[in-house]
Amino acid sequence: MAIEKLLQIDVPLRAQYIRVMFDEITRILNHLLWIGAHALDIGAMTMFLYAFREREDLMDCYEAVSGARLHAAYYRPGGVYRDLPDQMPQYTHSKIKTKAQLAQLNENRQGSLLDFIDDFTRRFPACVDQYETLLTDNRIWKQRTVGIGVVTPERALALGFTGPMLRGSGIEWDLRKKQPYEVYDRVDFDIPVGVEGDCYDRYLVRIEEMRQSNRIIKQCVDWLRKNPGPVITDNHKVAPPSREAMKTNMEELIHHFKLFSEGMHVNEGEAYAAVEHPKGEFGIYLVSDGANKPYRLKIRAPGYAHLSGFDEMARGHMIADAVAIIGTQDIVFGEIDR
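Residues numbered from 1 in each chain as written. Predicted model: local features only at pLDDT ≥ 70, side-chain atom pairs only at ≥ 80, totals over all residues. Heavy atoms only, no water.

Asker: Describe in detail the overall build of the chain, supporting the description with residues and values.
Answerer: The helix and strand inventory of the chain stands at 16 helices and five strands. The C-alpha atoms of the chain give 22 Å as radius of gyration, which agrees with the globular expectation for 338 residues (20 Å, within 12%). Principal-axis analysis of the C-alpha atoms gives the chain an extent of 70 × 55 × 35 Å. Residues classed as buried in the chain amount to 47% of the 338 residues present. A separation threshold of at least 6 residues defines the contact pool for the chain, and within that pool the share at least 24 residues apart is 68%. Surface exposure of the chain reaches about 17,100 Å², of which carbon and sulfur atoms provide 55%. One way to put it: in the chain the 42 positive side-chain charges average out to a point 4 Å from where the 48 negative ones average out. (Helix = DSSP H or I, 4+ residues; strand = E, 2+ residues; numbered from the N terminus. Rg over C-alpha atoms; globule rule 2.2 N^0.38 Å. Buried < 20%, exposed > 50% of the residue type's maximum accessible area, 1.4 Å probe, protein only. Contact = heavy atoms within 4.5 Å. Areas by Shrake-Rupley, 256 points an atom, 1.4 Å probe, with all protein chains shown as cover. Lys, Arg positive; Asp, Glu negative; His and termini not counted. Charge placed at Lys NZ, Arg CZ, Asp CG, Glu CD.)

Asker: Break down the packing of helix H2 (residues 13-42) against helix H15 (residues 319-329) for me, citing the residues and quoting the values.
Answerer: Running from N to C, H2 and H15 cross one another at 180 degrees; their axes reach a closest spacing of 9 Å. The orientation of H2 with respect to H15, classified from their angle, is roughly antiparallel. When H2 is examined against H15, the residues Trp34, His38, Asp41 and Ile42 are found in contact with a partner set consisting of Val323, Ala324, Gly327 and Thr328. Partitioning the contact of H2 with H15 into residue classes produces four nonpolar, three polar and one charged. (Axes fitted to C-alpha atoms, helices over the stretch in contact; angles between N-to-C directions. Parallel < 35°, antiparallel > 145°, perpendicular 65-115°, else oblique. Nonpolar A, V, L, I, M, F, W, Y, C, P; charged D, E, K, R; others polar.)

Asker: Provide a residue-level description of the environment of Gly78, including the pertinent values.
Answerer: Locating Gly78 in the fold gives a position in the loop between strand S1 (75-76) and strand S2 (79-80). Judged by its relative accessible area of 0%, Gly78 falls in the buried class. The sequence separation of Gly78 and Asp234 amounts to 156 residues, and the corresponding C-alpha distance is 8.4 Å. In contact with Gly78, other than residues within four places in its own chain, are Glu4, Ile9, Val11, Pro12, Arg19, Val231, Ile232 and Thr233.

Asker: So what's going on with the pairing of strand S4 (residues 280-288)? Residues and values would help.
Answerer: Here strand S3 (residues 269-277) runs beside S4; their pairing, made up of nine bridges, is antiparallel. Bridge pairing in S4 places Gly269 opposite Ser288. Remark: two residues form the turn of the hairpin made by S3 and S4, two consecutive strands paired antiparallel. Taken together, the five bridges between S4 and strand S5 (residues 296-300) define a ladder with antiparallel strand orientation. Bridging across to S5, Ile284 finds its partner in Ile299. (Pairing = 2+ DSSP bridges.)

Asker: If you had to explain the sheet that holds S3 to someone new, which residues and values would you point to?
Answerer: Within a sheet, neighbouring strands are paired by backbone hydrogen bonds and run either parallel or antiparallel to one another. Strand order in this open sheet of three strands is S3-S4-S5, and the pairing throughout is antiparallel. Every other strand in the sheet has two partners, leaving S3 and S5 as the edge strands with one partner each. Averaged over all adjacent pairs, the angle separating strand axes in this sheet is 10 degrees, with direction ignored.

Asker: Could you give an account of the packing of aromatic side chains, with specific residues and numbers?
Answerer: Taken as a whole and judged by the stated rule, the model has eleven aromatic pairs. Both rings, one in Trp34 and one in Tyr203, keep their centres 6.4 Å apart while their planes meet at 35 degrees; by these two values the pair is tilted. One end of the pair, Trp34, is in helix H2; the other, Tyr203, is in helix H10 (residues 199-226), with 169 residues separating them in the sequence. An identical accessibility class is assigned to Trp34 and Tyr203; each is buried. On the numbers, 5.3 Å between centres and 70 degrees between planes, the contact of Trp141 with Tyr203 is edge-to-face. Taken together, the residues span a long stretch of sequence, with Trp141 in helix H6 (residues 139-145) and Tyr203 in helix H10 at a distance of 62 residues. The pair Trp141 / Tyr203 is uniform in exposure class, with both members buried. Taken together, Phe22, Tyr62, Tyr74 and Tyr75 form an aromatic cluster joined through their ring pairs. A cation over an aromatic ring shows up here: Arg53 above the ring of Tyr50, its NZ or CZ 4.8 Å from the ring centre. For the cation-ring pair, Lys177 lies above Phe189, with the distance from its terminal atom to the ring centre recorded as 4.5 Å. (Phe/Tyr/Trp six-rings, centres within 6.5 Å; stacked < 30°, edge-to-face > 60°. Lys NZ or Arg CZ within 6 Å of the ring centre and 35° of its normal.)

Asker: Lay out the layout of surface pockets with the relevant residues and their values.
Answerer: Of the volumes computed, that of the second largest pocket is approximately 380 Å³. In this structure, the second largest pocket is lined by 17 residues; those nearest its centre are Met1, Lys5, Pro180, Tyr181 and Glu182. Every element with two or more residues in the lining of the second largest pocket is listed here: helix H1 (2-7), H2 and S3. Counting residues per element, the lining of the second largest pocket draws most heavily on S3, which supplies three residues. Of the residues assigned to the lining of the second largest pocket, the class counts are nine nonpolar, two polar and six charged. (1 Å grid on protein atoms, 1.4 Å probe; cavity = no way out; pocket = protein on both sides within 12 Å on 5 of 7 lines; lining within 4 Å. Points joined across faces, edges and corners; volume = space filled by probe spheres on them.)

Asker: Please set out unusual backbone geometry residue by residue, giving values where relevant.
Answerer: A positive phi is found at Gln8, a non-glycine position, where the angle reads about 55 degrees. Structurally, Gln8 is set in the loop between H1 and H2.

Asker: Which residues make up the side chain of Arg14, and what are the values?
Answerer: Structurally, the position occupied by Arg14 is in helix H2. Residue classification places Arg14 among the buried residues on the basis of a relative accessible area of 9%. A polar contact is formed between the side chain of Arg14 and the side chain of Asp83, at a distance of 3.1 Å. Aside from chain neighbours lying at most four places away, what touches Arg14 is Asp83, Leu84, Trp223, Leu224, Asn227, Pro228, Gly229, Pro230 and Val231. (Polar contact = N/O pair within 3.5 Å; in protein donor to acceptor, adjacent residues only side chain to side chain.)

This is the structure:
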């Protein structure tokens, strides 16, 4: 988005809907990993297995569009790499699976990727209900999270908290609503907020976010079914031409060669672009001097600010509560080391 802002290029509407759909798929993936790991840290092992059951389906969506399950290089400056596939990959014959098991695994993979995602959005609310049955009124879960790691709205703002860490303290701040990007102003969803600002409230906020993400995905699927179109800009100084055009037209061949051998030249200037990452505000500050690589690039990751508040959140608690507080922050130490 920062590159697109500097280049002043328009992203096709279909590509924006695809991006929003995968943004919300990523949000659910993140929250599933968070709830599985957080519950496991506190002693609830079943949640981890349940959460990874749903993650497998969504990882298959990543793999269908990009070929990679984790680090999907699907978004490109100007749009996305390619349109959504018409056929969902299926499980093939294996020594360890019977024909009946294969048929069951492939039952919802007979159509396109959109059909598969649509089927997931119908099944997922019942899965979230299962998570809540296991945890929401669980006596041990509430003993480990209620009143633990309380952050007041004023302190959450002062500490630079964003995302569920800020909303869990009762502040309704979400970049998707307050500073809409892509097509978030065209989809209908609610922003869940907490009351007490403790670990339990942040758990409830993330649970509701999964339900709202599912709602957004469903709206994107419905729109994408009805509206075909291009998924990447036709500016060949930013996006490569099609293989067919490249092999039949000298100008496209030159564009292709220049783009892949030299890269794109971004206009001189600076830009900041931020998205509502599952963990909080994820921002890119980019400075360009007109060359084919950035003069300066600063990544604003949400976890660094959250971890800096750990000392304040843990004061007066037991050592065992430190595990619950680290879990509620949804920390990934890779972004903090950066």
